[in-house]
Amino acid sequence: MRGRSDGGQKKRMITFVCIVGGFLVFLYVYFGSHSQGESALEYGSRSLRKLGSSYLGGDEDADLGGKQEESTTKFGLEDGDDGIIPKSFPVCDDRHSELIPCLDRNLIYQMRLKLDLALMEHYERHCPPAERRFNCLIPPPSGYKIPIKWPSSRDTVWKANIPHTHLAHEKSDQNWMVVKGEKIVFPGGGTHFHYGADKYIASLADMLNFSNSNLNNGGKLRTVLDVGCGVASFGAYLLSSDIIAMSLAPNDVHQNQIQFALERGIPAYLGVLGTKRLPYPSRSFELAHCSRCRIDWLQRDGILLLELDRVLRPGGYFAYSSPEAYAQDEEDLRIWKEMSALVKQMCWKIAAKKNQTVIWVKPLSNDCYLEREPGTQPPLCRADDDPDAVWGVSMEPCITTYSDHDHRTGGSGLAPWPRRLTAPPPRLADFGYSNDKFEKDTELWRRRVESYWNLLSPKIASDSLRNIMDMKANLGSFGAALKEKDVWVMNVVPEDGPNTLKLVYDRGLIGTVHSWCEAFSTYPRTYDLLHAWTVFSDIEKKGCSAEDLLLEMDRLLRPTGFIIIRDRKPVIEFVKKYLQALHWETVATADDSSDSDQDGDDLVLVIQKKLWLTSDSVRESE
């Protein structure tokens, strides 16, 4: 008995020691990791909000609200009047190297947001309040290399830059991507087109009887929305046909799809067909595409199909590749029957159907809508519904009719690409803009972009830039001026200004609506060049933090990428004070006051982001 008692005491003692030891290890790891993260770079001044807010798991009692007020930026102060200049920004923990602040699942959990998972609300934007924002520099992953240049990047990226290979295994039979040593290779396959997106695209053109198997149809088909795009190989192979696609997917179980797309140099955006309208105006796309996109198009009285209908142009197509299109079993037959009935009520007709793919086409005018029986579902949208209001606006289960102009002309009246890039778009009249004003704006930005390239020329080669963002696109003339460059432009239009994004799409370009008081819906390190024309002056008027905007721009920008800031002198001087803290350096400055009467800005600052790493891993690509 005594032996058994001694044995029990020993077991209890060992258990106690293990518990105490485990607790001490937990304390060391928890506090040690925080101290390491904080010491990676020296803290800035009190004007910066404290790293370690409750969003980072730190001190929830910190007076972060007061620091938000302290950091509110007012430009135009004399030197020395704006407080202490920050010595540095801290570096975020390595775990946050892929942080997307407004699409952060951890934020949803911590704020206990009550979201309907069935409606995909958890994939929509939910931005952190000021006291929960990350106010630190996002580090690149270990071993990060300068991205492979376009066009090679279409087919190959560095594995270290996006160290996620689960899709290569999960989709190994579908040729999405293949791991080869230090690289990830994209053979151009997809769930529906295992043998290559190029052959699939040609088959769509043939189904529509377009000449030469070319889907652009003589320049009439230019803008495409690819929902549930995977790694965006469909959009990648459209580019050679002078077609530009907005490849759209959420950060769902197939994580990092959009990150791979942007690393490859393919236009893409993180988004979902959930409860809010997509951030695109009405009548933006000639073709919407869904290839095994796993979307329940029949839910909520077809509201998701009606959202596609809103963004499609008159005579626009919806290409749907899915088992329901050839209806092999009872469930597929049921879905096909219900979808066919729904789209018929929406006045869509089958343009072509072959094997697993059906292509529907929208009507060219309002005639079919007006001929429907009273009470037919889905209803027409109310007369006071603005189909171009998209920022935070809920979807409506109704049919968006065409404007009087489009109804009379039986279509959008757009010139074929590339002529539509410089031809005054018909919707100019919606803003009261004249053709003369449009042409002057186009010429003004042609000269400005030529000047920008002269300033950049000592630092860039012909393949240095691929993904470009115009943070305040206005009429899209900055992007139009880049037509001869091998680049694409994400044109961003402010959510509270004239919604000129529909003019951008009418020119055959793509973009989105956004507020720069919030983070953009993309992964870190996804753009090579940011163009900020009076963006800082705009957020000053809104009372938003310029420091937050600088950190967001750093998050968006690839290492060795460039920023062009065009704004008033006080803004330029303010930004210069933060260059060292952000690991940015000045490339050039210029005085462009000669055309300042156009918009009030008179200085240009060109900046380059340095490559910095938190480890001694490989720094250079081949």
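The structure we're discussing is the one just above.
Since this is a predicted model, take the numbers as computed values, not measurements.

A.B. asks: Honestly, the packing of helix 8 (residues 299-311) against helix 9 (residues 330-345) in this entry has me stumped. Any pointers?
C.D. replies: The axes of two packed helices give the description: the angle between them and the distance between them. At a minimum axis distance of 11 Å, the contact between helix 8 and helix 9 shows a crossing angle of 60 degrees. In terms of orientation, helix 8 and helix 9 fall into the oblique class. For helix 8 against helix 9, the interelement crossing comes out right-handed. Residues Asp301, Gly302 and Leu305 of helix 8 pack against Met339, Leu342 and Val343 of helix 9.

A.B. asks: It is not clear to me how the nonpolar core should be interpreted in this structure. Could you clarify?
C.D. replies: Side chains of nonpolar character tend, in soluble globular proteins, to be buried together. In terms of nonpolar packing, the biggest core is built from 128 residues, with Leu215, Trp297 and Phe318 touching the most fellow members. Mapping this core onto the domain boundaries places at least three of its residues in each of domain 1 (152-420) and domain 2 (425-621). Contacts of Phe318, omitting those with residues within four sequence positions, involve Leu287, Ala288, His289, Cys290, Trp297, Leu305, Leu308, Leu312, Trp348, Val358, Ile359 and Trp360. Within the second largest apolar cluster, 21 residues are counted, among which are Leu455, Leu482, Val487 and Trp533.

A.B. asks: Where do I start with the state of the cysteines in this structure?
C.D. replies: Here, the word disulfide means a covalent bond between the sulfur atoms of two cysteines. A complete count under the given rule lists six disulfides for this structure. Disulfide pairing is shown between Cys92 and Cys136; the S-S distance is 2.0 Å. Here the S-S torsion is close to 90 degrees, and the disulfide linking Cys92 with Cys136 is therefore right-handed. In this pair, Cys92 is assigned in the loop between helix 2 (64-71) and helix 3 (105-110) and Cys136 in the loop between helix 3 and strand 1 (156-158), connecting sequence segments 44 residues apart. Assigned by exposure class, Cys92 and Cys136 land together as buried.

A.B. asks: What is the right way to read the sheet that holds strand 14 (residues 527-533) from this model?
C.D. replies: Hydrogen bonding along the main chain pairs the strands of a sheet, whether they run parallel or antiparallel. If you walk across this open sheet you meet the seven strands as 13-12-11-14-15-17-16, and the pairing is mixed. With one partner strand each, in any of the chains shown, strand 13 (510-514) and strand 16 (584-591) form the two edges of the open sheet. The average angle at which neighbouring strand axes cross in this sheet is 20 degrees, direction not considered. Pairing analysis gives six bridges linking strand 14 to strand 15 (residues 557-567), with the strands arranged parallel.

A.B. asks: Sorry if this is basic, but what is going on with helix 16 (residues 546-556) here?
C.D. replies: Because each turn of an α-helix spans 3.6 residues, side chains separated by three or four positions end up pointing in the same direction. With respect to burial, helix 16 is a largely interior element, 11 of its 11 residues being buried. For helix 16, every residue scored as buried is listed here: Ala546, Glu547, Asp548, Leu549, Leu550, Leu551, Glu552, Met553, Asp554, Arg555 and Leu556. Where helix 16 begins, the capping side chain belongs to Ser545, and its oxygen is found 3.2 Å from the backbone nitrogen of Glu547.

A.B. asks: Is there a simple way to think about the pattern of salt bridges in this case?
C.D. replies: Where charged atoms from two side chains of opposite charge come close, those side chains can pair. Counting across every chain of the model gives 33 salt bridges. Put simply, Arg154 and Asp155 hold a salt bridge, and the shortest N to O gap is 3.0 Å. Arg277 is the salt-bridge partner of Asp385, the closest N and O atoms lying 3.0 Å from each other. In this pair, Asp385 is assigned in the loop between helix 10 (367-371) and helix 11 (404-409) and Arg277 in the loop between strand 6 (268-270) and strand 7 (285-291), connecting sequence segments 108 residues apart. Exposure remark for Asp385: the relative accessible area of 17% places this residue in the buried category. Among the charged side chains, a network of salt bridges with common partners joins Glu286, Arg313, Arg420, Arg427 and Asp506.

A.B. asks: How should the side chain of Ser464 be read in this particular structure?
C.D. replies: With respect to the helices and strands, the residue Ser464 is situated in the loop between helix 12 (435-456) and strand 11 (467-470). Look at Ser464 and you get buried, because its relative accessible area is 18%. Of note is the side chain of Ser464, whose polar atom sits 2.7 Å from the backbone nitrogen of Ala461. If we skip the residues at most four places from it in the chain, Ser464 touches Lys149 and Asp528.

A.B. asks: I'm lost on the pairing of strand 7 in this one. Help?
C.D. replies: Regular strands place side chains that alternate from one sheet face to the opposite one. Extensive coverage of strand 7 is indicated by the burial of seven of its seven residues. Two strands pair when backbone bridges link them, and strand 4 (residues 223-227) and strand 7 are joined in this way by three bridges, in the parallel orientation. Looking at strand 7, one finds that Asp226 is bridged to His289. The pairing of strand 7 with strand 8 (residues 312-321) spans six bridges and is classified as parallel. Looking at the pairing, Ser291 lines up with Ser321 of strand 8. Once you follow strand 7 into helix 8 and on to strand 8, the crossover reads as right-handed.

About the cut-offs
Residues numbered from 1 in each chain as written. Predicted model: local features only at pLDDT ≥ 70, side-chain atom pairs only at ≥ 80, totals over all residues. Heavy atoms only, no water. Axes fitted to C-alpha atoms, helices over the stretch in contact; angles between N-to-C directions. Helix = DSSP H or I, 4+ residues; strand = E, 2+ residues; numbered from the N terminus. Parallel < 35°, antiparallel > 145°, perpendicular 65-115°, else oblique. Left-handed = near helix turned anticlockwise from the far one by under 90°. Contact = heavy atoms within 4.5 Å. Core = buried A, V, L, I, M, F, W, Y, C linked by side-chain atoms within 4.5 Å. Buried < 20%, exposed > 50% of the residue type's maximum accessible area, 1.4 Å probe, protein only. Domains from an automatic or database assignment. Disulfide = S-S within 2.5 Å. Pairing = 2+ DSSP bridges. Polar contact = N/O pair within 3.5 Å; in protein donor to acceptor, adjacent residues only side chain to side chain. Salt bridge = Lys/Arg side-chain N within 4 Å of Asp/Glu carboxyl O. Right-handed = clockwise from strand over helix to strand, strands pointing away.

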